[in-house]
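What the coordinates show
The residues making up each chain are set out below.
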Amino acid sequence: MLYWLTELSDGGDFFNLFRYITFRAGGAFLTALIFGFVFGPTLINVLRRKQGKGQPIREDGPQGHFVKAGTPTMGGLLILSAVLFSTLVWARWDNHFVWLVLFVTMTFGAIGFADDYAKVSKQNTDGVSGRVRLLLGFVIAGIAGFWASQVHPDQLANQLALPIFKDALINMGFFFVPFAMIVIVGSANAVNLTDGLDGLAIMPVMIAAGTLGVIAYAVGRVDFTEYLDVHYVPGTGEILIFSAALFGGGLGFLWYNAPPAAVFMGDTGSLALGGALGAIAVATKHELVLGIVGGLFVVEALSVIIQVLYFKRTGKRVFLMAPIHHHYEKKGWAEPQIVIRFWIISLILAMIGLATLKVR
């Protein structure tokens, strides 16, 4: 919205700053961060008052989690509100990619909100049926995948770009939309599975979002793409503003989610943020790089899949408990130890993901 102030500029004054994506990204970060600090306490108090007993704790979960009983959930509302407000203030409203990512984020957030509400109101961990959640998720992701295929440049529409092998493109044709659906829904549910310890999910999400934001900015500039030897996707640079808002909103939320958490993000936050990462990857033609940058989420999801399949086949378990962060809890690792080590892994994977931009 503030981009419109450039109409008041003569080319060399303060208003000219609003032309620059980097300046507006900085503004989006600070706006979302301040939003979180200002409205966080009020939202937490409202959630605590409305929810009473807070998020139900799994009876078969680690024993240490029972001390968290009574902690309110749906804290993802704070992140989503900060991201939405900040993005609308600082991003250009005529950019398709911004609206695409916001659409996925907010609609997945609505699915998560319904699930959280069902859990809190019934005071059990069932929530909305998994089939219903997946169906709605695939419908939303299908719309987003088709939308992306329409706004990508003709030479990249329905193509799968390969990292490192910059000249290689795989024409997926009709199958691009189903592929995009799997990327977005898979990302959303992988982040959802990761959100099991205080602060565990939000920092890797912020790291991944920041990395993908840098990639979006790079592939949205023709001069950068020529130097980095990646595909040029005009318009994706504005996604950096969304990513910066997510980073700021995430930090604001982490202030209250740091151990011991005063609030959980719930499915409201985890599904929305995971969907956002998938949408950014699809928009920027970096779906495969998301598998590297978000490698922690991939491992968390795979640990659940492996556990379920192996148990059905043999009646035995590979891990003491899945997702894998609970396995390490069962082994006696302290919660902060698991969280910080997983953060370190996420940062390493992000650096590897960025390295795919420049391999010669």
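Scroll up to find the structure.
Rules and cut-offs
- Sequence positions are assigned chain by chain, starting from 1 and proceeding in written order.
- A pLDDT threshold of at least 70 governs which residues receive local features in this predicted model, and a stricter bar of 80 or more applies before side-chain atom pairs are shown or counted, although totals over entire chains, interfaces and linings include all residues.
- In computing side-chain values, all of the structure's heavy atoms are included and hydrogens and water are not.
- A run of H or I in DSSP counts as a helix once it spans at least four residues, and a run of E counts as a strand once it spans at least two, with each numbered from the N terminus.
- Burial classes follow relative accessibility: with a 1.4 Å probe on protein chains only, a residue under 20% of its type's maximum area counts as buried, one over 50% as exposed, and anything between as partly exposed.
- The contact rule is simple, with two residues in contact once any of their heavy atoms fall within 4.5 Å.
- Only C-alpha atoms enter the line fits that serve as axes; for helices the fit covers just the stretch in contact. Angles between N-to-C directions range over 0 to 180 degrees.
- Orientation categories follow fixed angle ranges, with anything under 35 degrees roughly parallel, anything over 145 roughly antiparallel, 65 to 115 roughly perpendicular, and all other angles oblique.
- Crossing chirality is assigned from the near helix's rotation relative to the far helix, an anticlockwise turn below a right angle marking it left-handed and a clockwise turn marking it right-handed.
- Every helix has an expected span of 1.5 Å times one less than the residues it contains.
- For this classification, Asp, Glu, Lys and Arg are treated as charged, while Ala, Val, Leu, Ile, Met, Phe, Trp, Tyr, Cys and Pro are nonpolar and the rest, including Gly, are polar.

1. Some details on the environment of Pro-163
With respect to the secondary-structure elements, Pro-163 resides in the loop between strand S1 (159-161) and strand S2 (169-171). Judged by its relative accessible area of 22%, Pro-163 is partly exposed. In this structure the C-alpha to C-alpha distance between Pro-163 and His-286, which are 123 residues apart in sequence, comes to 7.6 Å. Beyond its immediate sequence surroundings of up to four residues, Pro-163 is in contact with Leu-288, Val-289 and Thr-356.

2. A few points about the packing of helix H6 (residues 202-219) against helix H8 (residues 239-257)
For the pair H6 and H8, the least separation of the axes is 8 Å and the interaxial angle reads 165 degrees. In terms of orientation, H6 and H8 fall into the roughly antiparallel class. Crossing of H6 over H8 shows left-handed handedness. Together, Ile-202, Met-203, Val-205, Met-206, Ile-207, Ala-209, Gly-210, Gly-213, Val-214, Ala-216 and Tyr-217 of H6 and Ile-239, Leu-240, Ser-243, Leu-246, Phe-247, Gly-250, Leu-251, Phe-253, Leu-254 and Asn-257 of H8 make up the contact between the two elements.

3. Quick notes on helix H4 (residues 130-151)
Residues spaced three or four apart along an α-helix face the same direction, because each turn holds 3.6 residues. Relative to the 32 Å expected for 22 residues at 1.5 Å per residue, H4 spans 31 Å between its end C-alpha atoms, a close match to the ideal helical length. Of all the residues in H4, the buried ones are Arg-133, Gly-137, Ile-140, Ala-141, Gly-142, Ala-144, Gly-145, Ala-148 and Ser-149. Each element contacted by the buried residues of H4 is listed here: helix H3 (96-122), helix H5 (176-194) and helix H9 (266-284).

4. A few points about unusual backbone geometry
Generally, phi is negative for residues other than glycine and the peptide bonds are trans, each holding for most cases. The amide bond that connects Pro-259 to the next residue, Pro-260, takes the cis arrangement and shows omega of -10 degrees. That bond from Ala-322 to Pro-323 is cis: its omega, 0 degrees, falls within 30 degrees of zero. Assignment of secondary structure puts Pro-323 in the loop between helix H11 (295-314) and helix H12 (324-330). Even without a glycine there, the phi angle at Asp-229 is positive, about 60 degrees. Relative to the helices and strands, Asp-229 is located in the loop between helix H7 (222-228) and H8. Positioned with a positive phi, Lys-285 is a non-glycine residue whose angle comes to about 65 degrees. Under the relative-accessibility criterion, Lys-285 is labelled buried at 2%.

5. Remarks on the packing of H8 against H9
Two elements in contact, H8 and H9, have axes separated by 12 Å at closest approach and are oriented at 160 degrees. By the angle between their axes, H8 is roughly antiparallel relative to H9. In this structure, the crossing between H8 and H9 has a hand that is left-handed. Packed against H8, whose contacting residues are Ile-239, Phe-242, Ser-243 and Leu-246, the element H9 presents Leu-273, Ala-276, Ile-280, Ala-283 and Thr-284 at the interface. Classifying every residue of the contact of H8 with H9 by side-chain character gives 7 nonpolar, 2 polar and no charged.

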